[in-house]
Amino acid sequence: MAAIRELCKSLVQPILAVMIGLLTGAIVIAAVGESVIGTYQEMWKGAFGSFYFFTSTLARATPIMLIALGLALAFRAGVFNLGAEGQMVLGAISATLVAIYLPAPGIVKMLAGLIVGITVGGLWSLLAGFMEARFRIPLLISTLLFNYIAVLFASYLVTEPFQDRTGSAALAQTLMLDKSAWLPKLFSGMSVHAGFFFAMAAALLLFWVIRFTPFGYEVKMLGQNPLFARYGGINPIKVMLTGMFASGGLAGLAGTVEVFGSHYRFVDGALTVPNFAWTGMMATLLANSHPIGIIFTSILLAAFQTGAMGVERNTEVPLELASVIQAVLILFISAKFSYDWWKKRKAKGGESHGAA
Amino acid sequence: MTHRLEMKQMTKKYGEFTANDQVSLTLEAGEVHAIVGENGAGKTTLMRMLYGMEQPTAGEILLNGKPVSFRGPNDAIRNGIGMVHQHFMLFGEFSVAENIVIGYEPKQAGFFRRKEAVEKVRALSEQYRIPINPQARVSTCSVGEQQRVEILKVLYQGADIIVLDEPTAVLTPLEVKDLLQTIRNLAASGKSVILITHKLQEVMEVSDRITVLRGGRVTGTVSRHETNVDDLARLMVGRELEELSQRIPLEGKRLLHVDQVTVREKQTLLDNVSFAVHHGEIVGIAGVSGNGQSELLQVISGLRPVQAGKIHLAGADVTNKSVESIRQAGLAHIPEDRYMWGTAKQESVEENALMGYQRKPDYYRRGVILRDAFRQVVRGWVDRFAIKTGSRQLQELAGNLSGGNLQKLIVTRELGQETPLLVAAEPTRGVDIGAMEYIHQALIEKRNSGDGILLVSSELSEILALSDRILVMYKGRIAGELARSEATEEKISVLMAGGNVHGSDQRAV
Amino acid sequence: AGCSAGGSSAPADKAEGQAAGQEGAAKKRIALILPEKIGVNPFFQQMDEGAKKAGQEFGAEVKSIESTDHGAIEENLRVAVAENYDLIITSSFESEDALKKVAAENPDKNFAIIDTVVDLPNVRSVTFREQEAAYLMGAAAGLATKTNKVGMVVAMDIPLLKKWTGGFQEGMKATNPNAEFLVNYVGSFSDPAKAKELALLQASKGADFINGAAAVGDLGVFEAAKEKGFFTSGQDVDRTTIDPEHIVLSQLKGTDAAAYETVKSFVEGSFKPGVVTYGLKEKGVGVTYVTHESKTPLNAFIGQEVIDKVKAINDEIVAGTRKVPDSFE
Amino acid sequence: MELLDWSLVSSTIRMVTPILLAALGGALCARVGIFNVGLEGLVLVGAFSAIVGNHFTGSLFLAILFAALVCVLFSLLFAYMTIGLRANEIVVGVAINFLALGLTTFALRAIFGVKGAFYDKEMAGLPKLDIPVIKDIPVLGDIFSGHSPLVYLAFIAAIVLYLFFYRTVTGFRVLAVGLNPVAARSLGLKVTGLQVLAITMCGILCGLAGAQLSLGQVTMFTEGMTAGRGFIALVAMMMGQSHPLGILASSFLFGLMDALSIRLQGLSLPTQFTSMLPYVLTIIAMFFVKEKSQAGGRR
Ligand SMILES: Nc1ncnc2c1ncn2[C@@H]1O[C@H](COP(=O)(O)OP(=O)(O)OP(=O)(O)O)[C@@H](O)[C@H]1O
Ligand SMILES: Nc1ncnc2c1ncn2[C@@H]1O[C@H](COP(=O)(O)OP(=O)(O)OP(=O)(O)O)[C@@H](O)[C@H]1O
Ligand SMILES: [Mg+2]
Ligand SMILES: [Mg+2]
């Protein structure tokens, strides 16, 4: 009985949040004189309206989820890695180049690419971790700066030495991967590819690690009280570096599967413009770094994006507005409306208490 | 007649759990009123309600006969109630004066007049004879000084009622003496003091009346003249205290060997320290806090590197080894600051208990922690030490435990490691006398089973009661060593103050 | 979606494909799928306008769909196929891969791509030779400069923009081998503040003519010109109207015409797959005063004499006697 | 080609102003324990509102005021979400960035009927102030004279903020809240109020930063014209350890490196590498600037 009440209470928060978010979005839509219902319908259709759209949402959720899972581990350990973008891009470009230039059968190219993508992303992230451990250079700063360096370096690689010059040579991109090295699509003609399996597998694995293994325990305790962890025999540097490698590696994998499963070549900007990194971070934070939660938040955030595309295609609501609605929804979903909040609203008309 | 303060039928519930059950209390002007009771009896909770930090579930507070209700500490402060918390509420980066005046700063056109603040604090410090350096940075102050800052802050805020929650738990004997004097001074100048403590001698020394709490209820209020330590103890614990077990004479091999260890960090913190702990021996380390005891323990447990010297544990060289490998070599450690080093407050009792066990073969198989097996063990600990965990039992947040119960949890966790060496810093800090007895008993038993214990305590009585040998630290050195038979409080005190005891030739093993 | 201000024509009602079928031969439905947000890019803005204009004039329903990012292009193409548009137009290199896939999978559908080539039997490709226009600009700059220093502020150092920088430099060297060429990259398509700073820098080094090729950053270059009194030029449309005293030339690119022509040919039934390129010869690209008229009078800094000389170069290129390379290293 | 000349310094001062202002705003938030990644969005909103204000009032003063006001509204939204509704500050910050980009683009169309950029040749930008004596001194005049009032204001703001933190009572309390919110609350300090105050002040500074960008450096608004300056401000804030003068130094360092990277573009180095320069050098600088404590960010 009590458990059911608990469950209801914990559901109040997200439901209330989504409702308030949708309501605010409705005001925005109504303000520009569009049909609220129609717009939300298109949004829904664009995200989940048919099997095709559902799979595109999953495809889009794939890199978000992988990045989010990596960050979850780091965040739990109290390590704030802001460098997912750079790790993703560097992992992806290395993987792509290996898969293009490695003289081997397709499947080997693909596997080598995946391994290299994880390794390079992980190592790039590890470098920032190492700089913090060894030279006390704050991760928060180094990872943020490393993004610029990685993205620019990848851009250099595809504009100069490894540019695809077979066509008009006007775009900064690599050659296309051999078809045999592509990640298979899960359904023909649909966007979702095998990378989604990796993401799901990673989520389950991470759940298992966090929930059941000593390492998961150590990560958690380090995040809760680093001094306590150290006192108890946990090596904070080892855990931090492992966390950094894992988060960078998963970000690298995210970039790699996006290339191997969707673009089939590294195109300058194709991984940065969609803002996968920040979206991934939001997915983690919204799910409170819980791996299973991340599956849902990633799909939700991806659905906002594919839904916005649907709105763009099928209504006269301008694209910018779709992104405004998306932002508003995220804002409210992040809010902690609690049962108490609701009561307090009614009782006092709103005196808010800060977080201590 | 009206009392300065009257608390009537105060009740506080946390969910299903009742922390205070219809507690009533009066306080007069110029009175020192002690509240005693075992860990988790609800002392702190009662005071938090008085200070506006918790809202009572039921009950009434009357100030000078008038009912009041506080929505926050602000209201309490405005009504002349000040509280010095069990855990200081200070800003380490700020100066002493800044910490005292914060919230009521002297100002001119919005600008903070720091000079005036310093003057005011100096005047206040002289008025109440509480010595302090107003310009020192609080993070560089000793614990005793920090406590004086807290008391001055309360006085500065104009409090007539001053609540002190376990103020002596963290002080050295000398500092305790000063504090008790201060409390008397305050009472003499008309202030009322509520004092929470587990040390019954202090209660007898300083208080006018005493209220005893047990299980959230008042079991009695007595005047000091009508009672004595034993009666109080019985009221608190509900049973007679027992004698400690006999210590079996043991001639053990060397277990821990600290050899010419030096720690330097801007200044020398440990200077050529050498000593040993043998199997079946409790070595007590006495000393005024700040003389390197913390550093010594940190060095032994691997939390701080040494610049010179060697440390051997159970035959293995553990100098500058990782905490993990030192623990594996056979060390368990009760840390001196339970909140800083000993717990993760936002995690459950179970998670806190698990620290150090997560990779032990008994609880770890095929990559997975065996939670069920471990939970059984923790339940055993909780029973044995009567740890009150509240309604959620092992899933209660550690931060919600009362201070003493948390300490018990840490002690039992480290005892459970069953390592040959236990490093115990202030093992009974903040625990009630019943639990103290239990812990002392457990330490003696551990010793009798042939394990070694390195005990650091600011309680000389504790050192004297438990130690086979006593080392005294002064300015980062071992200033002297006393055998159990020859040790007295006087001799130790002299050594602690930097003096010399005849014939003590600094035998370091 | 991408309806610009006056979009009275764009019928909001799109009853999912079948409507078109029921209305019979009445209206052709054409989708223009832009590979990114129209945003700051006049290139796409014009294309959008050109297609809309043709739609209005020739009675076709034109719907433009902006893509939020690279990944959205393919999806939008697929959806357009699913929603049964009669012609699907897209643009630029970014869409190349996606179109290759989608067009190959849907051989019965008609596609067009502007600004790059996709060699499939159901795709019409329209491309531009911007480097020819850039060459003329460079030539004019080389002739007009008094300080023998010519600057260029470019959005980003990417292969696509080499057509502009390379063509310009070639043209300048052709008319004035001694002139020094200063080039700076903003690193963004939407940072006028930095573009302005770069232009000021080049001006401080003595450049008296600075060509803007920084997308929206050009506005920053124009402002710098107004402040420091040097001369400048813009891109895509006739920018001289903004500030004729300082903006003295504009390099033109007829993406609107390309979109317009594509829609027109489709409605009129003359739509053919294959490659069409627009260069100086086809008047698909050009330079104000040289190949196209301008509303503003010619600035004395350039002068008729220069224009005449550049016109001669234009004639040579058109006649094929002067070659402008296709790519630059 | 000479790499260093005095115009470099003068250009640095101009370029660095929005970053400095935003970083000071970020520091205010960091000092009350809130890591504000929404700076980019706030500055963008400021830039846009400044143009709107200028367009409709024709007064530069009112335009700046309007920019500050709108940014304050946005930062109040930030404050309400993070403090009132206890939303994660990073999520809110990122969402604010998205929101700002979407709203300004949309409003650009709704208000001015244009896409991409709004440029009005008739619109007056912020005037350049010549400082009487200094302007005639050869080198100093070039460097220090002839900037927009907001440039001077930014430097003054750094000093004022320094005085605020270390000389005023409110500033003292703001610092206390950031150092130990639990203690501050137990003292009866109005923690929430002080946090909101700091965030509001951050809004004002971001509004000024935006106004300098859209009315000082250029006179126009273009979509996404902040071009990542908000994130650079974040780095400057962290490097300066949320100390106003530290931020002054770190923003300046970054600005100089950026200016230097522009000069290096002429050399045969690929531009990606020259563009990397400020970031690489900032990291190298970090080896020398050791943080005592995590001045902002980690909770
Ligand atoms: N926030 C809370 N939530 C749940 N239970 C709580 C909370 N705070 C205190 N308790 C419970 O209330 C009881 C009384 O706690 P309190 O801190 O008042 O004890 P105490 O008498 O001060 O003990 P000690 O001597 O150990 O300090 C304890 O059992 C504790 O676990
Ligand atoms: N951060 C520091 N900088 C300089 N000197 C220090 C520092 N910390 C401690 N000391 C000095 O080192 C010596 C030992 O300090 P410490 O307070 O750690 O000893 P302690 O005996 O463990 O005291 P406590 O009982 O308070 O824990 C003292 O002389 C103290 O003044
Ligand atoms: Mg207590
Ligand atoms: Mg100490």
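Residues numbered from 1 in each chain as written. Chains lettered and ligands numbered in written order. Predicted model: local features only at pLDDT ≥ 70, side-chain atom pairs only at ≥ 80, totals over all residues. Heavy atoms only, no water.

Looking at an unreviewed UniProt entry, chain D carries the name ABC transporter permease, with the source organism given as Brevibacillus nitrificans. Its UniProt record gives chain D a comment under Subcellular location (unreviewed entry), which states: "Cell membrane". (UniProt positions renumbered as here; feature names shortened; annotations may be inferred.)

Chemist: Looking at this structure, how should I read the overall build of chain D?
Modeler: Regarding its fold elements, chain D presents twelve helices and two strands. Across chain D, helices and strands are ordered from the amino to the carboxyl terminus as α-α-α-α-β-α-α-α-α-α-β-α-α-α. A compact globule built from 299 residues should have a C-alpha radius of gyration of about 19 Å, and chain D, at 19 Å, falls within 12% of that. Projecting the C-alpha coordinates of chain D onto the three principal axes gives extents of approximately 60 × 50 × 40 Å. When the 299 residues of chain D are sorted by exposure, 65% land in the buried category. (Helix = DSSP H or I, 4+ residues; strand = E, 2+ residues; numbered from the N terminus. Rg over C-alpha atoms; globule rule 2.2 N^0.38 Å. Buried < 20%, exposed > 50% of the residue type's maximum accessible area, 1.4 Å probe, protein only.)

Chemist: Would you explain the site of ligand 2 in this entry?
Modeler: Residue and element names in this part refer to chain B. Every residue close to ligand 2 is listed here: Q267, L269, S289, G290, N291, G292, Q293, S294, E295 and E336. One of the side-chain N or O atoms of Q267 is found 2.8 Å from a nitrogen atom in ligand 2. At a separation of 2.3 Å, an oxygen atom of ligand 2 approaches a polar side-chain atom of E295. Of all the elements in the fold, those that place two or more residues in the shell around ligand 2 are β14 (267-278) and α9 (293-301). If one sorts the elements of the shell around ligand 2 by residue count, α9 sits on top with three residues. When grouped by side-chain class, the residues that make up the shell around ligand 2 number one nonpolar, seven polar and two charged. (Near = heavy atom within 4 Å. Polar contact = N/O pair within 3.5 Å; in protein donor to acceptor, adjacent residues only side chain to side chain. Nonpolar A, V, L, I, M, F, W, Y, C, P; charged D, E, K, R; others polar.)

Chemist: Help me out: how do you make sense of the sheet that holds strand β9 (residues 161-165) of chain B in this one?
Modeler: Either a parallel or an antiparallel arrangement is found when strands of a sheet pair, and the pairing is made through backbone hydrogen bonds. Residue and element names in this part refer to chain B. In spatial order, the strands read β6-β9-β10-β3-β11-β12; together these six strands make up an open sheet with mixed pairing. The open sheet is flanked by β6 (81-84) and β12 (217-223), the only strands paired with a single partner. Recorded for the sheet is a direction-independent mean angle of 15° between the axes of neighbouring strands. The pairing of strand β11 (residues 209-214) with β12 spans six bridges and is antiparallel. (Pairing = 2+ DSSP bridges. Axes fitted to C-alpha atoms, helices over the stretch in contact; angles between N-to-C directions.)

Chemist: Hey, could you run me through empty space enclosed by the protein in this one?
Modeler: Empty space left among the atoms is revealed by rolling a probe the size of a water molecule over them. Overall, the coordinates contain ten cavities of 30 Å³ or more when judged by the stated rule. Its volume calculated, the largest cavity comes out at about 330 Å³. Lining the largest cavity are 21 residues; nearest its centre among them are S262 and H263 of chain A together with H70, G71 and E74 of chain C. Those elements giving two or more residues to the lining of the largest cavity turn out to be α3 (51-76) and α10 (236-263) of chain A together with α3 (70-82) and α4 (96-105) of chain C. Residue composition of the lining of the largest cavity, by class: six nonpolar, six polar and nine charged. (1 Å grid on protein atoms, 1.4 Å probe; cavity = no way out; pocket = protein on both sides within 12 Å on 5 of 7 lines; lining within 4 Å. Points joined across faces, edges and corners; volume = space filled by probe spheres on them.)

Chemist: Before we go on, may I ask you to explain unusual backbone geometry in this structure?
Modeler: For residues that are not glycine, phi is negative in most cases, and the peptide bond is trans in most cases. Although it is not a glycine, Y264 of chain A adopts a positive phi angle of roughly 65°. In this structure, Y264 of chain A sits in the loop between α10 and α11 (276-286). Since its relative accessible area comes to 4%, Y264 of chain A is described here as buried. Notably, K266 of chain B is not glycine yet its phi reads approximately 65°, a positive angle.

Chemist: Please clarify how the interface of chain D and chain A should be interpreted in this entry.
Modeler: Accessible area lost upon the coming together of the parts serves often as the stated size of an interface. Tallying the contact residues gives 50 residues for chain D and 51 residues for chain A. Interface area for chain D against chain A, summed over the two sides, is near 4,800 Å², with a carbon-plus-sulfur share of 76%. Inspection of the region where chain D meets chain A yields zero salt bridges. Remark: the boundary between chain D and chain A carries two residue pairs in polar contact (both at pLDDT 80 or more). Those elements that place two or more of their residues in the side of chain D that touches chain A are α3 (60-84), α4 (89-112), α10 (229-239) and α12 (271-286) of chain D. It is α4 of chain D that provides the largest number of residues to the side of chain D that touches chain A, a total of twelve residues. Tallied by class, residues from the side of chain D that touches chain A come to 31 nonpolar, twelve polar and seven charged. (Contact = heavy atoms within 4.5 Å. Buried area = accessible area lost by both parts, 1.4 Å probe. Salt bridge = Lys/Arg side-chain N within 4 Å of Asp/Glu carboxyl O.)

Chemist: Explanation requested: a nonpolar patch on the surface in the structure shown.
Modeler: A cluster of nonpolar side chains, contributed by L102, I107, V108 and L111 of chain A, occupies part of the molecular surface with about 310 Å² of accessible area. Positionally, V108 of chain A belongs in helix α5 (residues 106-135). (Patch = residues over 30% accessible without salt bridge, like charges linked within 9 Å, V, L, I, M, F, W, Y side chains within 5 Å. Areas by Shrake-Rupley, 256 points an atom, 1.4 Å probe, with all protein chains shown as cover.)

Chemist: Any chance you could explain the sheet that holds strand β2 (residues 60-66) of chain C here in plain terms?
Modeler: Residues and elements named next belong to chain C. Pairing is parallel across the open sheet formed by six strands, whose spatial order is β2-β1-β3-β4-β5-β11. Looking at strand neighbours, the two that pair on one side only are β2 and β11 (274-278), the edges of this open sheet. Strand after strand, the sheet turns through a mean of 15° between neighbouring axes, direction not considered.

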